Amino acid sequence: MNSGSTDASLMLHVRPRQLLLLARLDAHRHLGRAAEAMNISQPAATKLLQQLEDSLGEKLFERLARGMEPTPYGEILIRYARRVLSDFGTAREEMLALRSGLSGALRVGSVPGAVPELLAPALVEYHRRHPQVAVSVVVETSDVIQAQLEQGDVDLVLGRLTDGHDEAKYASVPLLGESQVVVVRIAHPVFERPTVTLAEMANWSWVLQPPGSPQRGRFEAAMREAGIQARLDIIETASPIAITALLESSDMAAVMPASQASHYARLGVLRTVPVELPVRVPPICLITREDRALSPAAAQFRRQLLGGG
């Protein structure tokens, strides 16, 4: 890369279509399919990429027989392109919201355990106060929604900081800490027994969150610490709908926060198994980026969650 060139002068040579091409190449890893996704010819895509590489003085993709792979320089610029496209999409959403008489957009990422007790009541009150704001919610595991926060796909997160992220880049405020419980369907045969132990549950079939989620890691660690070495029979999903549907139609079990279990118990869907589960997960936190200013809509929701009105 030309060290004598300033960022401003280099930016004059970087075109939006080139950034879009980087994002499409990252998705397809094939120049022809990326060009097709952009509705341009393959020679035009080749020219766009070559011009960008010439401007930056670095090779961004390796041309392989099976397709294309980004170089380390390409990986860096792909992350930048994704942020630019995400920020542009957010700006368009806010412009459309203003045109519709609304005042902006709020995009929240949340772990399932934060929804019943924390997120749902807060959103109901927020929508009552600010009906003009367009709200979208993504419910996933902490590692997934934190990656979305990193990419700018959500404004703030209700979850937990996961390993591999630089904590200095985030502002994190604990909001909700609670125990984890085992849940099954209402008419599960376990309730016909006088007692149940962790060792017995090792033989059950489970619906657990995917590897990388704090809950999954701590549950498996708790089983090992209890001396249970059996390989668990597991279906992996982070979807609350999939979890409840699987539990309702089988004798499988799942682990979830006590407040989430109480929510499903009130609906007559699930029931908590009377066994102490030695699983302690960190509290659910309100997480935002230190280096990215919140939109007015997101800033107001943050204030509400922190008790500031």
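Each chain has its residues counted from 1, running along the sequence as written. Local features in this predicted model are restricted to residues whose pLDDT is 70 or higher, and side-chain atom pairs enter the listing and the counts only when it is 80 or higher, whereas totals over whole chains, interfaces and linings include all residues. Excluding hydrogens and water, the side-chain figures rest on all heavy atoms present in the structure.

1. Quick look at the nonpolar core
- Only buried Ala, Val, Leu, Ile, Met, Phe, Trp, Tyr and Cys residues count toward a nonpolar core, and they belong to the same one when joined by side-chain atoms within 4.5 Å. For every residue, the accessible area obtained with a 1.4 Å probe (protein chains only) is divided by the maximum for its type, and the residue is called buried under 20%, exposed over 50%, and partly exposed between those limits. Leu106, Leu158, Ile284 and Phe301 are the most contacted members of the largest nonpolar core, which totals 26 residues.
- The helix count covers DSSP runs of H or I at least four residues long, the strand count covers runs of E at least two residues long, and both are numbered beginning at the N terminus. Within the residue set of this core, elements represented by two or more residues are strand S3 (104–110), helix H6 (115–129), helix H7 (142–151), strand S5 (156–159), strand S6 (170–176), strand S12 (284–289) and helix H12 (296–305).
- The biggest single contributor to this core is H6, with five residues.
- Counting 22 residues, the second largest nonpolar core, distinct from the first, contains Val182, Ala202, Trp204 and Leu208.

2. Overview of the sheet that holds S6
- Pairing between strands is defined by DSSP: at least two bridges between them are needed. Read across the sheet, five strands follow the order S4-S3-S5-S12-S6 without closing on themselves; strand pairing throughout is mixed. A single partner strand is all that each edge strand has here, and the edge strands are strand S4 (133–139) and S6. Here the average twist between neighbouring strands, direction ignored, is 20 degrees.
- Here three bridges tie S5 to S12, and the two strands are oriented antiparallel to one another. Its bridge partner lying in S12, leucine 158 is registered against leucine 286.
- In the packing of H12 onto the sheet, the strands contacted are S3, S4, S5, S6 and S12, and the crossing angle to S3 comes to about 50 degrees. Interaxial angle, 0 to 180 degrees, is taken between N-to-C directions of lines fitted to C-alpha atoms, where a helix line uses only the stretch in contact. Any two residues having at least one pair of non-hydrogen atoms within 4.5 Å are treated as being in contact.

3. Things to note about the packing of helix H3 (residues 31–38) against helix H4 (residues 42–56)
- At a minimum axis separation of 9 Å, H3 and H4 run at an interaxial angle of 100 degrees. Taken together, the axes of H3 and H4 lie roughly perpendicular to each other. Residue-level inspection shows Leu31, Gly32 and Ala35 of H3 in contact with H4, the latter providing Gln42, Ala45 and Thr46. Angle categories: roughly parallel below 35 degrees, roughly antiparallel above 145, roughly perpendicular from 65 to 115, and oblique for all the rest.

4. Some thoughts on empty space enclosed by the protein
- In the cavity and pocket records, a cavity denotes points on a 1 Å grid over the protein atoms alone where a 1.4 Å probe fits but cannot get out, a pocket denotes an open set with protein on both sides within 12 Å along at least 5 of 7 lines, and lining residues are residues with an atom within 4 Å of a point. Grid points are joined across faces, edges and corners, and a volume is the space filled by probe spheres set on the points. Applying the stated rule across the entire model yields one cavity of 30 Å³ or more.
- Taken as a whole, the largest cavity spans an internal volume of roughly 170 Å³.
- For the largest cavity, the lining is made up of 19 residues, of which Pro112, Gly113, Gln209, Gln215 and Pro257 are closest to its centre.
- Every element with two or more residues in the lining of the largest cavity is listed here: helix H9 (214–225) and strand S10 (253–257).
- When residues in the lining of the largest cavity are grouped by element, the largest group, four residues, is from S10.
- The classification used treats Ala, Val, Leu, Ile, Met, Phe, Trp, Tyr, Cys and Pro as nonpolar, Asp, Glu, Lys and Arg as charged, and all other residues, Gly among them, as polar. Class assignment for the residues of the lining of the largest cavity results in ten nonpolar, eight polar and one charged.

5. Some points on unusual backbone geometry
- Even without glycine at this site, arginine 29 takes up a positive phi of about 55 degrees.
- Secondary-structure assignment places arginine 29 in the loop between helix H2 (16–28) and H3.
- Judged by relative accessible area, which is 24%, arginine 29 ranks as partly exposed.
- Here asparagine 39, not a glycine, exhibits a phi torsion of approximately 65 degrees, which is positive.
- Position of asparagine 39 among the secondary structure elements: in the loop between H3 and H4.

6. Section: the environment of leucine 123
- Its location among the elements puts leucine 123 in helix H6.
- Distance from leucine 123 to leucine 305, taken between C-alpha atoms, is 9.5 Å for residues 182 residues apart in sequence.
- Dropping the residues within four chain positions of it, leucine 123 is found in contact with Leu106, Val135, Val137 and Phe301.

7. Some words on the sheet that holds strand S7 (residues 180–185)
- Pairing in this open sheet of five strands is mixed, and the strands run S9-S8-S10-S7-S11 from one edge to the other. Single-partner strands in this sheet number two, and they are strand S9 (233–236) and strand S11 (270–272). Pairs of neighbouring strands in the sheet enclose a mean axial angle of 35 degrees, with direction left out of account.
- Two elements, strand S8 (residues 205–208) and S9, share four bridges in a ladder whose sense is parallel. Pairing of valine 207 across the sheet is with isoleucine 235, part of S9.
- Packed on one face of the sheet, H9 meets S7, S8, S9 and S10 and runs near 120 degrees to S10.

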